[in-house]
Amino acid sequence: MSRTVSRILWIIVGVLLIIAGIYCLCNPDVGLLSLSLYLGIVLLISGIIDIVIFAKCNQYMIGAGWFLADGILTVLLSLFLLFNQAFTLLSLPFIFSMWLLFSGINQFVNSFELQNLGVRGWGWLTALGVLMAVAGFFSLFDPVANLFALSALAGLLLICDGVATIVRACLSHKYWR
């Protein structure tokens, strides 16, 4: 897989995450079941792309193991959302919080790898990673109360993750050895 294809795939995932975030913000009254279906599809695509990029580029990329870990967890979360619709209403706030926490930590770690490579702008990924991890952590405290605000919270954080993914795509040339 070429660098250009990897970059394009990450940009596609980033745009899909941003679209999902805008959808959640524009439709706060949408039911959690339809949110979980759309979110499950977007997360499945995102996870598969991370796994494919790892499989094709792990020898050439620094920190490729983090992409594999994020991809596997994202695929598992998406499959859970897609195939357990009845349980989703109660579990989505908790699962989404855990996903945000892990993705935020992943962005945070990747940003320091960029700093070690001397990339300017690595601090933006650090800030987005911290924002995502803190939001995931605090939403774990009362997931039932978050049920009502989940659509808006999901929208904002999906947009943040989409922006971070697009930034990763734009800086991806720095990951290659």
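Rules behind the numbers
Residues numbered from 1 in each chain as written. Predicted model: local features only at pLDDT ≥ 70, side-chain atom pairs only at ≥ 80, totals over all residues. Heavy atoms only, no water. Phe/Tyr/Trp six-rings, centres within 6.5 Å; stacked < 30°, edge-to-face > 60°. Buried < 20%, exposed > 50% of the residue type's maximum accessible area, 1.4 Å probe, protein only. Helix = DSSP H or I, 4+ residues; strand = E, 2+ residues; numbered from the N terminus. Expected span 1.5 Å × (residues − 1). Core = buried A, V, L, I, M, F, W, Y, C linked by side-chain atoms within 4.5 Å. Contact = heavy atoms within 4.5 Å.

Enquirer: For this particular structure, what's the right way to read the packing of aromatic side chains?
Expert: If you walk through the whole model with that rule in mind, you get five aromatic pairs. On the numbers, 5.5 Å between centres and 70 degrees between planes, the contact of F137 with F138 is edge-to-face. By relative accessible area, which is 43% here, F137 ends up partly exposed. Ring centres of F138 and F141 lie 5.9 Å apart, and the angle between their planes is 45 degrees; this geometry places the pair in the tilted category. F141 carries the same exposure label as F138, and that label is exposed.

Enquirer: Even after reading the chapter, I still don't get helix α5 (residues 122–139), so can you show me in this structure?
Expert: Taking 1.5 Å as the rise per residue, α5 with 18 residues should run 26 Å; its terminal C-alpha atoms sit 26 Å apart, in good agreement. Along α5, the residues that are buried comprise L125, T126, L128, G129, M132, A133, A135, G136 and S139.

Enquirer: Looking at this model, I keep getting lost on the environment of I53. Mind explaining?
Expert: Within the secondary structure, I53 sits in helix α2 (residues 32–57). Sequence separation of I53 and L9 is 44 residues, and the distance between their C-alpha atoms is 8.7 Å.

Enquirer: Looking at this structure, how should I read the nonpolar core?
Expert: Nonpolar side chains tend toward joint burial in soluble globular proteins. Judged by nonpolar contacts, the single largest core of 27 residues is most densely connected at L39, M61, W99 and L158. Counting residues per element, the ones that place at least two in this core are α1 (3–26), α2, α3 (64–83), α4 (85–116) and α6 (146–170). Considering each element in turn, this core owes the most residues, seven residues, to α2. Setting aside chain neighbours within four positions, we find W99 in contact with L43, T74, L77, L158 and D161. Among the nonpolar cores identified, the runner-up in size contains eight residues, and L128, M132, C160 and A164 belong to it.

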